[in-house]
Amino acid sequence: MTFRAPLSVLATLLSLCAPAFAQDAAKGEAEFRKCKACHAIIAPDGTAIQTGGKTGPNLYGVIGRTVASGDFNYGDSLKSVGEAGTKWDEALLAAYIADPAAWLKDATGDAGAKSKMTFKLARGGADVAAYLASVAPASE
């Protein structure tokens, strides 16, 4: 018998336990090299914080942004999460990048939910999320 907690419960638990997780932006910057094959971090003025691929969306300002928002062709499952008003925070992003397909299945309640992101970052996701938060724009 397996227990599958709803995404909201998992996100709440992660946020309550956040201080227990290593959230090191410097480590996250180094870990981001794995993400650069598909993602870049480019500020709106064109400043390249991290150059990288264009297969995935620009991750500048992703923390605090509505899921699947911005100028990118996101998959339907991720769009449905964004349409519900979900915004990325560090804990949610760390959970997503650990296993995007499983996260989407939990978030949507749809066992057939699919993710365009096939890479899984089993360890270091909290650090990458901390790094992405550190390069975010000032609060708007």
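Participant: I'd love a proper account of the environment of Leu93, names of residues and values included.
Facilitator: Within the secondary structure, Leu93 sits in helix H4 (residues 90-98). Expressed as a C-alpha distance, the spacing of Leu93 and Gly125, which sit 32 residues apart in the sequence, is 7.7 Å. Excluding its chain neighbours within four sequence positions, the residues that come into contact with Leu93 are Val62, Ile63, Trp88, Ala129 and Leu132.

Participant: Please provide a residue-by-residue account of the nonpolar core, values included.
Facilitator: In terms of nonpolar packing, the biggest core is built from 27 residues, with Leu78, Trp88, Leu93 and Leu132 touching the most fellow members. Where this core is concerned, the elements lending two or more residues are helix H3 (76-83), H4, helix H5 (100-108) and helix H6 (125-134).

Participant: Any details on H5? Residues and values, ideally.
Facilitator: Pro100, Trp103 and Leu104 are the residues of H5 that are buried. Here the buried residues of H5 occupy an arc of 100° about the axis, which is enough to place them on one side. Of the residues trailing H5, Gly109 is marked for its positive phi of about 75°.

Participant: Account for the packing of H4 against H5, naming residues and giving values.
Facilitator: Where H4 meets H5, the axes come as close as 5 Å, and the angle between the chain directions of the two elements is 120°. Considering their axes alone, H4 and H5 lie oblique with respect to each other. Within the contact between the two elements, H4 uses Leu92, Ala95, Tyr96, Ile97 and Ala98 and H5 uses Pro100, Trp103 and Leu104. When the residues that make up the contact of H4 with H5 are grouped by side-chain class, the tally is 8 nonpolar, no polar and no charged.

Participant: Help me get a handle on the side chain of Gln50, residues and values and all.
Facilitator: Looking at the element boundaries, Gln50 is found in strand S2 (residues 48-50). For Gln50, a relative accessible area of 10% puts it in the buried group. For Gln50, the side chain forms a polar contact with the side chain of Lys36, separated by 3.5 Å. Excluding anything up to four places from it in sequence, Gln50 contacts Glu29, Phe32, Lys36, Ala40, Ile41, Ile42 and Tyr131.

Participant: I'd love a proper account of the pattern of salt bridges, names of residues and values included.
Facilitator: Applying the stated criterion across every chain yields a total of 2 salt bridges. Ionic pairing is found between Glu31 and Lys34, a salt bridge with its closest N-O pair at 2.6 Å. Taking relative accessible area as the criterion, Glu31 reaches 16% and is therefore assigned buried. Asp99 is the partner of Lys120 in a salt bridge, and the nearest nitrogen-oxygen pair spans 3.6 Å. Placement of Lys120 in the loop between H5 and H6 and of Asp99 in the loop between H4 and H5 is noted, with a sequence separation of 21 residues between them.

What counts as what
Residues numbered from 1 in each chain as written. Predicted model: local features only at pLDDT ≥ 70, side-chain atom pairs only at ≥ 80, totals over all residues. Heavy atoms only, no water. Helix = DSSP H or I, 4+ residues; strand = E, 2+ residues; numbered from the N terminus. Contact = heavy atoms within 4.5 Å. Core = buried A, V, L, I, M, F, W, Y, C linked by side-chain atoms within 4.5 Å. Buried < 20%, exposed > 50% of the residue type's maximum accessible area, 1.4 Å probe, protein only. Arc of directions from axis to C-beta. Axes fitted to C-alpha atoms, helices over the stretch in contact; angles between N-to-C directions. Parallel < 35°, antiparallel > 145°, perpendicular 65-115°, else oblique. Nonpolar A, V, L, I, M, F, W, Y, C, P; charged D, E, K, R; others polar. Polar contact = N/O pair within 3.5 Å; in protein donor to acceptor, adjacent residues only side chain to side chain. Salt bridge = Lys/Arg side-chain N within 4 Å of Asp/Glu carboxyl O.

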